[in-house]
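Working through the structure, step by step
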Amino acid sequence: MATSDDLEVSAYLEIAEGRASEAENEPQSVNEGIIVIDFGSQYSHLIARRIRDLKVYSEVFTASSTWETVRHINPKGVILSGGPASVYDPGAPRIPDWVFERDLPVLGICYGMQALVHQLGGEVIPGQAQEYGSAVLHQDGGEASLFTELPPTFQVWMSHGDRIATLPPGFSSLAYTENSPVAALGNGKGIFGLQFHPEVNHTPLGQSILENFLMRACDCRGSWTPGHFVSDSIKRIQEQVGDGRVICALSGGVDSAVTAMLLHKAIGDQLTCIFVNNGLLRLEEPERVQDTFKRNMGLNLVYADASERFLTELAGVIDPEQKRKVIGEEFIRVFEEAASGLGQTDFLAQGTLYPDVIESETPENRASARIKTHHNVGGLPENMKLKLVEPLRYLFKDEVRQVGLELGLPEEMVYRQPFPGPGLAIRIIGEVTLERCDMLRACDWIVIDEIKAAGLYQQIWQSFAVLTDNRTVGVMGDYRTYGYVCAIRAVSSEDAMTADWVRLPYEVLARMSNRIVNEVPGVTRVVYDITSKPPGTIEWE
């Protein structure tokens, strides 16, 4: 699961059949960019993130991408990702010809390095010993601008089975490890290869290597900032929308909030936001959303209370995917009814983020396996009359938060932890009822309250309660009880594509547990989920 398990309200539209034309989602034009070619690596998105952290714009493209599809980011260099294939396998992905024809600096990582060697006349063979995990890299001379100001030996992270047997003409070895005679190579003309992964945290000096490639080989300036994004996005929205009218599904989460504020600054009263209360929101959330956006920020906001409708449709539904489908279909009906009273509408705005695009199977991303369909990526009807406005489509979550601060959104909203579009329905295992929703709302309130009291809220990606369908015996006073098991989940992450469980202090967990069993009738036991993603997902359903 995702960003993002962070599905804003607009995510409900994903259940519609077909897919809307993506012609409206014009790629962002930037002054300088780095192309990441994805060969199917689980780390491709992480490479792009690391480049963005160095204030250089980057996008992920497939190996089948043409020069015409990548030129809009004004490429200053190309990074070739790792991947599960072997270069000598039939049908193994190849580096596009334009990479060499355009004479751009190139950095091949793992499979990307092996593809460079294979296509430029060297030889790659299966390694006698596979190399997975930490290794010590030793520099051995040669043109090593990648390693400028780095020590002669340092720790790197390896994950490969093949190795370089013969270097291509004009290349020399730059470094080696115990199991890789050629762990880095270069040709003195801006083409480099690394057998290890500089993008992962397990290579402590990896970011310095990437910075050397960007600033020394690619001559990047590192000027891409959220402030530039805001001004550029406002101009792009104004050009796209013109005098048209836009509706935006607003959930109160940071993605839809930033989307709404960007549009509000760009087109003012041409925007109307629709907030649907599906009865699956957290405690006091409907009141907070209306107070923030309508009263304090002056947005045109239509509020639709459809909580009873959603709970009626969910009666007896247990399967998680069926829950999502039911919620999605009902959302579409409620959203359409609310929008029908607004007159002529031309555009639909969404808070789709870049990880949603990367993890979804779209025309932009065919190389990697689909984890799930996110937001409206790949899920809108082809005959949809509304054109899409997705100003955040090429941003990661933390970048969205930076943009939110640039727009003047309150920190409490900007750093609000992600909340799934289907809401509490996918945190209630089994049937969703009003009683169980209220029970979970109370548990969740206690979890968040204690996390905030401990000063941990902004340090944690997501923290929440799950109401399981397991019941267990308890004792309160002199009486036997028989109630539900509540699970607490807290994870750390950068963009929700991977996550680790948080080692919460025992005293915090103890307070949560004590309060839940004493303050929430029907819950008799509390457990803590210590599963990371992967193999688990952030949400339980």
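Residues numbered from 1 in each chain as written. Predicted model: local features only at pLDDT ≥ 70, side-chain atom pairs only at ≥ 80, totals over all residues. Heavy atoms only, no water.

As for the nonpolar core
- Ranked by internal contacts, the top residues of the largest apolar core, which has 157 residues, are Ile79 and Phe147.
- A total of nine residues in this core trace back to one element, the largest contributor, which is helix α7 (residues 254–267).
- Residues contacting Phe147, with those up to four places away along its chain left out, are Leu137, Gln139, Phe154, Leu174, Ala175, Ala184, Leu194, Phe196, Ile209 and Asn212. (Core = buried A, V, L, I, M, F, W, Y, C linked by side-chain atoms within 4.5 Å. Buried < 20%, exposed > 50% of the residue type's maximum accessible area, 1.4 Å probe, protein only. Helix = DSSP H or I, 4+ residues; strand = E, 2+ residues; numbered from the N terminus. Contact = heavy atoms within 4.5 Å.)

Focus: the layout of surface pockets
- Roughly 550 Å³ of internal volume is contained in the second largest pocket.
- Lining the second largest pocket are 23 residues, and of these Arg288, Glu412, Arg416, Lys452 and Tyr457 sit closest to its centre.
- The set of elements that each furnish at least two residues to the lining of the second largest pocket consists of α8 (285–296), α13 (411–414) and α14 (434–453).
- Tallied by class, residues from the lining of the second largest pocket come to eight nonpolar, four polar and 11 charged. (1 Å grid on protein atoms, 1.4 Å probe; cavity = no way out; pocket = protein on both sides within 12 Å on 5 of 7 lines; lining within 4 Å. Points joined across faces, edges and corners; volume = space filled by probe spheres on them. Nonpolar A, V, L, I, M, F, W, Y, C, P; charged D, E, K, R; others polar.)

Quick notes on α8
- With 12 residues, α8 extends 15 Å from end C-alpha to end C-alpha; this agrees with the ideal 16 Å at 1.5 Å per step.
- In the core, the buried residues of α8 are packed alongside α7, β11 (271–277), β12 (301–305) and α13.
- At the C-terminal side of α8, Gly298 shows a positive phi close to 75 degrees. (Expected span 1.5 Å × (residues − 1).)

Quick word on the confidence of the model for the chain
- The predicted model of the chain averages 86 in pLDDT, with 88% of residues at 70 or higher.
- Confidence scores differ between elements of the chain, with helix α11 (residues 354–359) showing the lowest mean pLDDT of 70 and strand β4 (residues 106–109) the highest of 98.
- Note on residues 1–26: pLDDT under 50 across the span, and 127 contacts to partners over four residues away in sequence or across chains.
- Here residues 361–381 scores under 50 on pLDDT; set against residues more than four positions off or in separate chains, the count is 87 contacts. (pLDDT = per-residue confidence, 0-100.)

With respect to the side chain of Gln290
- Inspection of the secondary structure assignment puts Gln290 in helix α8.
- Those residues within four positions of Gln290 in sequence are excluded, and the remaining contacts are Phe275, Arg295, Leu301 and Tyr303.

Notes on the environment of Val326
- Residue position: Val326 is located in helix α10 (residues 320–340).
- Residue class for Val326 comes out buried when judged on its relative accessible area of 10%.
- Along the sequence, Val326 and Pro422 sit 96 residues apart, while their C-alpha atoms lie 9.6 Å from each other.

Quick look at the packing of helix α6 (residues 226–241) against helix α12 (residues 397–406)
- With their axes 9 Å apart at the nearest point, α6 and α12 run at an angle of 70 degrees to one another. Relative to α12, the element α6 lies roughly perpendicular. Residues Pro226, Gly227, Phe229 and Val230 of α6 form the contact with α12, whose own contacting residues are Gln402, Val403 and Glu406.
- The class makeup of the residues in the contact of α6 with α12 is four nonpolar, two polar and one charged. (Axes fitted to C-alpha atoms, helices over the stretch in contact; angles between N-to-C directions. Parallel < 35°, antiparallel > 145°, perpendicular 65-115°, else oblique.)

Focus on α6
- A rise of 1.5 Å per residue sets the reference length of α6, with its 16 residues, at 22 Å; its end C-alpha atoms lie 22 Å apart and thus fit the reference within 8%.
- Every buried residue of α6 is listed here: Pro226, Phe229, Val230, Ser233, Ile234, Ile237 and Val241. Buried positions in α6, seen along its axis, are confined to an arc of 130 degrees and lie on one side of it. Facing away from the buried side of α6 by more than 90 degrees, the exposed set consists of Lys235 and Glu239.
- Once α6 ends, the next one or two residues include Gly242, with phi positive near 60 degrees. (Arc of directions from axis to C-beta.)

With respect to the side chain of Arg52
- Here Arg52 shows up in helix α1 (residues 44–53).
- A distance of 2.6 Å separates a polar atom in the side chain of Arg52 from the backbone oxygen of Tyr394.
- Excluding anything up to four places from it in sequence, Arg52 contacts Tyr57, Ser58, Trp224, Tyr354, Tyr394, Leu395, Phe396 and Glu399. (Polar contact = N/O pair within 3.5 Å; in protein donor to acceptor, adjacent residues only side chain to side chain.)

So, the packing of α6 against α7
- Remark: α6 packs on α7, axes separated minimally by 9 Å, with the N-to-C direction vectors making an angle of 65 degrees. In this structure, α6 crosses over α7, and the sense of that crossing is right-handed. Packed against α6, whose contacting residues are Phe229, Val230, Ser233, Ile234, Ile237, Gln238 and Val241, the element α7 presents Leu262, Leu263, Lys265, Ala266 and Ile267 at the interface.
- Of the residues contributing to the contact of α6 with α7, the split by class is nine nonpolar, two polar and one charged. (Left-handed = near helix turned anticlockwise from the far one by under 90°.)

So, the sheet that holds β11
- Read from one edge to the other, the open sheet built from five strands follows the order β12-β11-β10-β13-β14, with strand pairing classed as parallel. Here the strands that pair on one side only, and so sit at the sheet edges, are β12 and β14 (387–389). Strand-to-strand, the axes of this sheet are offset by a mean angle of 25 degrees, without reference to chain direction.
- Strand direction decides the pairing type here: strand β10 (residues 246–249) and β11, joined by four bridges, are parallel. Note that in β11 the partner of Ile247 across the bridge is Thr272.
- Strand contacts of α6: β10, β13 (347–349) and β14, with the helix running at about 170 degrees to β14, the strand carrying the most contacts.
- Of the strands in this sheet, β10, β11, β12 and β13 are in contact with α10, which crosses β11 at around 140 degrees. (Pairing = 2+ DSSP bridges.)

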